[in-house]
Amino acid sequence: MAHHQDFKPLHSITVENIQALGIPSDAAAQLHLKLTEIVATYGADATKTWQHISQHLLTPDIPFSFHQMMYYGCYINFGPDPPAWLPDPLVFFCLSVFSLVREAAKLTNIGKLLERRGKELLGSSYKDPISSFSDFQEFSVSNLELYWKIILEEMNISFSVSPECILRETPLHPGGQWLPGTRFNPAKNCLSLNGKRSLSDIVVITRNEGGDEAPVTRLTLKELRSAVWRVAYAIDTLGLEKESAIAIDMPMDVNSVVIYLAIIIAGYMVVSIADSFAPNEISTRLVISKAKAIFTQDFICRGGKTLSLYSKVIDAQSPIAIVIPNRNSSLSIKLRDGDISWNEFLERVDESSSREVEYIGVELPVEAFTNILFSSGTTGEPKAIPWTTTTPLKAAADGWSHLNIGKGDVVAWPTNLGWMMGPFLIYCTLLNGATMALYNGSPLGSGFAKFVQDAKVTMLGVVPSIVRTWKSTNCTAGHDWSTIRRFASTGEASGVDESLWLMGRAHYKPVIEICGGTEIGGGFIAGSLLQPQSLSAFSTAAMGCSLFILGDDGSPRPSDVPGIGELALGPLLLGASSTLLNADHYGIYFKGMPAWNGKVLRRHGDVFERTSRGYYRAHGRADDTMNLGGVKVSSVEIEKVCNAVAETILETAAIGVPPPGGGPDKLVVAVVFKDSEGSKHNLNSLKVSFNSALQKKLNPLFKVSHIVALPSLPRTATNKVMRRVLRQQFSQIGSKL
């Protein structure tokens, strides 16, 4: 990561400094001339200077080193959290004063709502959407019932049986009972016609890896509905009881989205399994969820490699599998007895009638499970987290309020149904009348970059590890990302330089950081298009959510005072989990937590800092769960694999260490050998063995950065390994990672 002290203030930069970055002399002179004009006009105000530089001087084809020179030089004396993007108050001024229709397109969903109802909701203190955004966020927490009533209306959510109320608070439910008595089906809402769309609207744009020169494939709402109905009818022929669990272990493509919606519309529940999982991980999830069937593919193509998927499902001893051919019309493999090919499965129903006859979705009670997702706990077994019918509403509302998703948007977010971002993407696009852009292949190369261009993506979601790869390989060069209006980043901590580079690919559109959880169905902290955004920082608690940073005594710090500590959440969160299939929900999320205004707070487990300028920054997990490449994993799971690698190992401790320049955790493993002379062992070859075992048994994305040989591990009086002590020690070797 670059630092301010490595750069000169803007007024000191010469043409020669610019040329030294590899920029030709004529271009360097032109850039210097424009820079001089901007500094002369706005130099006294760093934020205005940066706004004009980012909008009028910097383009994606200029070397990134010049972007860094401008950003760091501009903010050299600014202090912490310089804004990389600012909302434009003129948009709102133009709309309210002159009612310019053409400007209305630039307004955010929340901005439009506040322009209509700001004075009614916030009273005489309301000024405009930008000035009053923080007041509206506070309103969303202190008036939960009214806030959610308004948002559900804004999103055109329809219930077959209306709720008795929005929220019922009872001592038995620390998180409250949401929408009690209602019946509805979130998948049916995804396909319904409302004021936002017509049958001819494009709802999915897709392309397969390797088909980069072919036009993108477009699917209308009518075509998506027909496909979902046909699969729903076919699922009913399997003879499973309603509410049975049906797993999906597939890449996120059109077929998996159709299957996901069909399972839920037909009254069953999805079991989410990532296509990268090893057989034992697949098996664990099938057993915990009691899945009765599984949808999978024969093989998948990633980065030019062909990887078998069906064979892993067989090794996991799955129940009946419905096997979809990869991009071809017929399977290239022999199936187990009892398994069904995709074509045979679809032929169980009459194509002509099922396409024309609407599948009347099963209207589900509000507490019904629609999706079982998994999150690593601090024990070896993953927590099985059920999403109810309300969780999709939280996902869609975050898309509506923080990511400003609506009709006309094309949203791409490389992910998988095995992680919460897969279902999140489905709901925040389809429930908000937008279009989903799915690239069936690796997102790491120029093929994906071209897909973003050709699909005319308006919102691109990322995890920072993908951005680092794009930046290091420069695979986005030559592709036009000018249709992108904003980025979203989640899954792990971003690095400042990576975020700056990403913004520069789309002429400095904002990166909205979001942090949440599988058990929440969305975010608890985020950014907003109505607030200045600082790189790799969050600017607000999520709408409808209250945050508390706990002090050393375990009680909440004052909300407006800078500080660092474990984060806790206000307990009343629409869509958040209230049960776990295989663990004590109250024990994990509420037991031992402090109360605030008579309500026990909800544990989250991340350490967060509130900065002096009111931003928030993430500092990793407070417990022994780490975040590797956007995947939460417990130390115990990694240690179990590492301990079995060599006979000479007595024990290991796996620690996630944040690198000094920011960004996601690096995996450091402390090793205690059975003999006392650890220095005799070849740590490099051991690292290769650890990586091979972890990638084979847990996840192909996991990688050990460093091994440290220790004579013993630090332990508590009750013999528990003190990983926090190790984390502090290892953070000092961070510069070597």
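Novice: Account for the packing of aromatic side chains, naming residues and giving values.
Specialist: A complete count under the given rule lists 26 aromatic pairs for this structure. With centroids separated by 6.1 Å and ring planes inclined at 70°, the aromatic side chains of Y260 and Y427 adopt a geometry described as edge-to-face. Pair noted here: Y260 is in helix 12 (residues 254-265) and Y427 is in helix 18 (residues 421-430), with a separation of 167 residues, a long-range link. Residue class for Y427 comes out buried when judged on its relative accessible area of 0%.

Novice: Which residues make up the pairing of strand 8 (residues 269-272), and what values do they have?
Specialist: Neither face of strand 8 is open: one carries M269 and V271, the other V270 and S272, and all of them are buried. Direction of pairing for strand 7 (residues 245-249) relative to strand 8: parallel, over a ladder of four bridges. Within the sheet, the bridge partner assigned to A247 lies in strand 8 and is V271. The β-α-β motif built from strand 7, the intervening helix 12 and the parallel element strand 8 has right-handed crossover chirality. Sheet topology note: the strand 8/strand 15 (residues 369-375) ladder contains two bridges and is parallel.

Novice: I'd like to hear about the pattern of salt bridges, residue by residue, with values.
Specialist: Tallied over the entire structure, the rule returns 19 salt bridges. A salt bridge links D201 to K407, with the nearest nitrogen and oxygen atoms 2.6 Å apart. Of the two residues, D201 sits in the loop between helix 10 (186-191) and strand 5 (202-208) while K407 sits in the loop between helix 17 (391-401) and strand 17 (410-412), which places them 206 residues apart along the sequence. Using a relative accessible area of 18% as the deciding quantity, one classes D201 as buried. For K407, a relative accessible area of 53% gives the class exposed. Measuring nitrogen to oxygen at the nearest pair gives 2.9 Å for the salt bridge that ties D409 to R486. You can see D409 sitting in the loop between helix 17 and strand 17 and its partner R486 sitting in strand 20 (residues 486-489), a full 77 residues away along the chain. On the accessibility criterion, R486 (2% relative accessible area) is buried. A cluster of three or more residues bridged by salt bridges with shared partners is formed by R207, K450 and D454.

Novice: Got a sec to walk through the sheet that holds strand 22 (residues 522-526)? Specific residues and values, please.
Specialist: An order of 6-5-18-17-19-20-21-22-24 is seen for the nine strands of this open sheet, with the pairing classed as mixed. Looking at strand neighbours, the two that pair on one side only are strand 6 (217-220) and strand 24 (540-541), the edges of this open sheet. Here helix 12 sits on the sheet in contact with strand 5, strand 6 and strand 18 (435-440), set at roughly 130° to strand 18. Lying over the sheet, helix 18 contacts strand 5, strand 17, strand 18 and strand 22, oriented at roughly 145° with respect to strand 18.

Novice: Which residues make up the sheet that holds strand 35 (residues 704-709), and what values go with them?
Specialist: Spatially, three strands are ordered 33-34-35 in an open sheet, and the strand pairing comes out mixed. Single-partner strands in this sheet number two, and they are strand 33 (649-657) and strand 35. Taken over all neighbouring pairs, the strand axes of this sheet differ in orientation by 25° on average, direction set aside. In the sheet, strand 33 pairs with strand 34 (residues 666-673) via eight bridges, with the strands oriented antiparallel. For G656, the partnering residue across the bridge sits in strand 34 and is L667. Across the sheet, helix 25 (residues 723-731) is in contact with strand 33, strand 34 and strand 35; its angle to strand 33 comes to roughly 65°.

What counts and what doesn't
- Residues numbered from 1 in each chain as written.
- Predicted model: local features only at pLDDT ≥ 70, side-chain atom pairs only at ≥ 80, totals over all residues.
- Heavy atoms only, no water.
- Phe/Tyr/Trp six-rings, centres within 6.5 Å; stacked < 30°, edge-to-face > 60°.
- Helix = DSSP H or I, 4+ residues; strand = E, 2+ residues; numbered from the N terminus.
- Buried < 20%, exposed > 50% of the residue type's maximum accessible area, 1.4 Å probe, protein only.
- Pairing = 2+ DSSP bridges.
- Right-handed = clockwise from strand over helix to strand, strands pointing away.
- Salt bridge = Lys/Arg side-chain N within 4 Å of Asp/Glu carboxyl O.
- Contact = heavy atoms within 4.5 Å.
- Axes fitted to C-alpha atoms, helices over the stretch in contact; angles between N-to-C directions.

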